[in-house]
Amino acid sequence: MIPLCVLGPSGRMGAQVATLALASSELRLCSAADRAGSAIVGSRIAGSDVVVGDDLQGALSQAKVYIDFTTPASTASAARIAAKQGCAAVVGTTGLDAEAESALDELARVAPVLVAANFSPGVALLLHLAELAARALGPAYDLEVLELHHRNKVDAPSGTALALGKALAKGRDLDFQAALQSARTGQVGPRKDNEIGMFAIRGGDIIGEHTAFLIGAEERIEISHKAQRRSVFASGALRAASWLAERAPGRYTMTDLLGF
Ligand code: NAD
């Protein structure tokens, strides 16, 4: 059994990961850490002997792999600590900044690291199909992305929407950052040919929905994914953790895991 540490077990995702980890036949939940001051610190993960701490170093030292659905700042801190211990990382936190990315690159020199904006197998396929569709249909079709999430999501566009935009850009051979258009308001003029529009809806308890639009003069294609349960991300992250723990140091993606 591979010893696993879960970060942020009081969160929407961390709680799911910790619960599902207890049913794993490959992973053994050995430690969990949340932010100092969180009400969960000092209590047990239900159904286990694991007491949630606020000491990242202590929690990571017991594990061979950790799963991180937290915040960009704590992703950076955890990666820096894990690099000293050679602990593998499965990171689902989105909105990562340059500091977090560079800490993960450092960690990837000594341990395997898998970062995914979305751990659902269906989204991995969606990205693949979007790239294929953009390439097949070519520049006569305008590319747009729409994403919907719950009212408490803090980053926009979602990490998955950005990944979807990058997949479309790759299929069309565009520079994604130059093509990205995430604000249209006022006298914006006609749509430019090589834009990739990207828009976010927030409300209620929507888990996560993404659609790539390829809009031509006479038809349009919509490729959509809708998450029905948050557990799809948690079970994907656990699958990634079992797989990653046996890999060589380096950066990995969901495509490496699923083999599309
Ligand atoms: P959340 O706010 O419910 O949970 C975040 C958790 O991180 C909280 O429990 C918080 O206490 C904890 N935390 C903050 N600082 C910490 C620290 N220093 N050490 C340990 N824990 C710390 O958020 P959520 O909905 O669970 O989402 C978390 C992240 O995962 C977001 O970035 C979200 O966009 C992303 N997400 C990714 C996927 C995916 O499949 N990759 C799916 C859903 C959400």
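Residues numbered from 1 in each chain as written. Predicted model: local features only at pLDDT ≥ 70, side-chain atom pairs only at ≥ 80, totals over all residues. Heavy atoms only, no water.

Student: In this structure, what is going on with the packing of helix H1 (residues 12–21) against helix H8 (residues 231–244)? I would like to understand it.
Tutor: Any two packed helices are characterised by the angle at which their axes cross and by the distance between the axes. Where H1 contacts H8, the axes come no closer than 9 Å and their chain directions differ by 55 degrees. The pairing of H1 with H8 is recorded here as oblique in orientation. Seen along the crossing, H1 lies across H8 with a hand that is right-handed. Contact residues: Met13, Gln16, Val17, Leu20 and Ala21 in H1; Ser231, Phe233, Ala234, Ser235 and Leu238 in H8. The residue makeup of the contact of H1 with H8, split by class, is 7 nonpolar, 3 polar and no charged. (Axes fitted to C-alpha atoms, helices over the stretch in contact; angles between N-to-C directions. Helix = DSSP H or I, 4+ residues; strand = E, 2+ residues; numbered from the N terminus. Parallel < 35°, antiparallel > 145°, perpendicular 65-115°, else oblique. Left-handed = near helix turned anticlockwise from the far one by under 90°. Contact = heavy atoms within 4.5 Å. Nonpolar A, V, L, I, M, F, W, Y, C, P; charged D, E, K, R; others polar.)

Student: How should I be thinking about the site of the ligand in this particular structure?
Tutor: Of all residues adjacent to the ligand, which total 22 residues, the nearest are Ser10, Arg12, Met13, Asp34 and Thr94. Ser10 places a polar side-chain atom, nitrogen or oxygen, 2.6 Å from an oxygen atom of the ligand. Taking Arg12, its side chain carries an N or O atom lying 2.8 Å from an oxygen atom of the ligand. In isolation the ligand offers 870 Å² of accessible surface; the protein chains occlude 81% of this area. Residue composition of the shell around the ligand, grouped by class: 7 nonpolar, 10 polar and 5 charged. (Near = heavy atom within 4 Å. Polar contact = N/O pair within 3.5 Å; in protein donor to acceptor, adjacent residues only side chain to side chain. Areas by Shrake-Rupley, 256 points an atom, 1.4 Å probe, with all protein chains shown as cover.)

Student: Sorry, what's going on with the sheet that holds strand S11 (residues 250–252) here?
Tutor: Consider a sheet: its strands pair through backbone hydrogen bonds, and that pairing is either parallel or antiparallel. The parallel open sheet is built from 6 strands, whose spatial order is S2-S1-S3-S4-S5-S11. What marks the edges here is a single partner per strand, and that holds for strand S2 (27–33) and S11. Within this sheet the neighbouring strands show an average axis-to-axis angle of 20 degrees, counted without direction. In this sheet, strand S3 (residues 65–68) lies alongside strand S1 (residues 2–7) in parallel orientation, the contact comprising 4 bridges. Residue pairing across strands places Cys5 opposite Tyr66, the latter belonging to S3. (Pairing = 2+ DSSP bridges.)

Student: Any chance you could explain the pattern of salt bridges here in plain terms?
Tutor: Pairing between side chains of opposite charge can happen when their charged atoms approach one another. Inspection of every chain in the model, using the stated rule, returns 15 salt bridges. One salt bridge in this structure joins Asp105 and Arg251, with 2.8 Å as the shortest N-O distance. With Asp105 in helix H4 (residues 98–108) and Arg251 in strand S11, this pair connects stretches of sequence that are 146 residues apart. Judged by relative accessible area, Arg251 falls into the partly exposed class, the value being 36%. For Arg135, the salt bridge goes to Glu131, with nearest N and O atoms at 2.9 Å. Placement of the pair is Arg135 and Glu131 together in helix H5 (residues 121–137), with a separation of 4 residues, close to one helical turn. Sharing partners across several salt bridges, the network here consists of Asp142, Glu144, Arg184, Arg191, Lys192 and Glu195. (Salt bridge = Lys/Arg side-chain N within 4 Å of Asp/Glu carboxyl O. Buried < 20%, exposed > 50% of the residue type's maximum accessible area, 1.4 Å probe, protein only.)

Student: How should the domain arrangement of the chain be read in this particular structure?
Tutor: Many analyses report the size of an interface as the accessible area lost when the parts associate. Here the domain parsing of the chain yields domain 1 (2–119 + 231–258) and domain 2 (121–226). Each of domain 1 and domain 2 has a C-alpha centre, and these two points are 28 Å apart. In this assembly, 10 residues from domain 1 lie in contact with 10 residues from domain 2. When the two sides are added together, the surface that domain 1 and domain 2 hide from each other amounts to roughly 790 Å², 61% of it contributed by carbon and sulfur. Taken together, the connections running from domain 1 to domain 2 amount to 0 salt bridges. Where domain 1 packs against domain 2, one counts 3 residue pairs in polar contact (both at pLDDT 80 or more). In terms of residue count, H8 provides more of the side of domain 1 that touches domain 2 than any other element does, 3 residues in total. (Domains from an automatic or database assignment. Buried area = accessible area lost by both parts, 1.4 Å probe.)

Student: Which parts of the structure should I look at to understand the nonpolar core?
Tutor: In summary, soluble globular proteins display a tendency toward joint burial of nonpolar side chains. Ranked by size, the top nonpolar core spans 35 residues in total, and within it Leu4, Val65, Ile67, Val90, Leu114 and Phe119 carry the most contacts. With residues near it in sequence (within four places) discarded, Ile67 still touches Leu4, Cys5, Val6, Leu7, Val17, Val90, Ala237, Leu238 and Ala241. Tyr66, Ala89, Ala100 and Leu107 belong to the second-largest nonpolar core, a separate cluster that totals 24 residues. (Core = buried A, V, L, I, M, F, W, Y, C linked by side-chain atoms within 4.5 Å.)

Student: Just checking my understanding: could you explain the pairing of strand S5 (residues 112–115) for this structure?
Tutor: On a regular strand, one side chain projects to one face of the sheet and the next to the other, so that they alternate. The pairing of strand S4 (residues 88–91) with S5 spans 3 bridges and is classified as parallel. Note that in S5 the partner of Ala89 across the bridge is Val113.

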